[in-house]
Amino acid sequence: MINNETTPCLTLYGIKNCDTMRKARRFLEEQGVAFRFHDYRADGIDSRRISAFVDTLGYETLLNKRGTTWRNLPEELRDTVQDNASAVRVMLEHPAVIKRPLLCAANGHLLAGFSPSTYLTFIQENV
């Protein structure tokens, strides 16, 4: 067990019914890591927060171009994504294109995607 505090110092951003999100949530629970889950669809996401994520990770990392949501967007809309601001606009309109899971520590450090080894390292360095 890495952290058994009741006050979470990590926030896991994503969409509840995503398979990778389920794996990440299960992993954190099995490790005894306290975290708060933020569902983009249920809880929403604002431009300030997405902009902060993009400033930290870059829109290329945060924008999931491999998913079906991106592929189902009109080509004209996909073509508008040329920089941080245009990527943020698309992510606000279509939160399912935001790479998930996104793990955020209280100190502002971010980790996009999921693998058990990178999560362990991130937790050890940030919790």
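Quick caveat, the model's predicted, so the values are computed rather than measured.

Draft legend 1. Main features of helix α1 (residues 19-30). Compared with an ideal rise of 1.5 Å per residue, which puts twelve residues at 16 Å, α1 spans 16 Å between its outermost C-alpha atoms and is within 8% of the ideal. Among all positions in α1, only Met21, Ala24, Phe27 and Leu28 are buried. Seen end-on, α1 carries its buried residues on one side only, within an arc spanning 130°. Seen from the open side of α1, the exposed residues pointing more than 90 degrees away from its buried face are Asp19, Glu29 and Glu30. Tucked into the core, α1 has its buried residues touching β1 (10-14), β2 (36-39), β3 (102-105) and α8 (116-126). Looking one or two residues past α1, Gly32 carries a phi angle of roughly 75°, positive in sign.

Draft legend 2. How the structure looks around unusual backbone geometry. Backbone torsion omega between Arg100 and Pro101 reads -5°, so that peptide bond is classified as cis. Note that Pro101 resides in the loop between α7 (84-93) and β3.

Draft legend 3. Main features of the packing of α1 against α8. Packing of α1 against α8 brings their axes to within 11 Å, and their N-to-C directions diverge by 50°. It follows from the interaxial angle that α1 and α8 lie oblique. The handedness of the crossing between α1 and α8 is right-handed. Along its contact with α1, which presents Ala24, Phe27 and Leu28, the element α8 presents Pro116, Tyr119, Leu120 and Ile123.

Rules and cut-offs
- Residues numbered from 1 in each chain as written.
- Predicted model: local features only at pLDDT ≥ 70, side-chain atom pairs only at ≥ 80, totals over all residues.
- Heavy atoms only, no water.
- Helix = DSSP H or I, 4+ residues; strand = E, 2+ residues; numbered from the N terminus.
- Expected span 1.5 Å × (residues − 1).
- Buried < 20%, exposed > 50% of the residue type's maximum accessible area, 1.4 Å probe, protein only.
- Arc of directions from axis to C-beta.
- Contact = heavy atoms within 4.5 Å.
- Axes fitted to C-alpha atoms, helices over the stretch in contact; angles between N-to-C directions.
- Parallel < 35°, antiparallel > 145°, perpendicular 65-115°, else oblique.
- Left-handed = near helix turned anticlockwise from the far one by under 90°.

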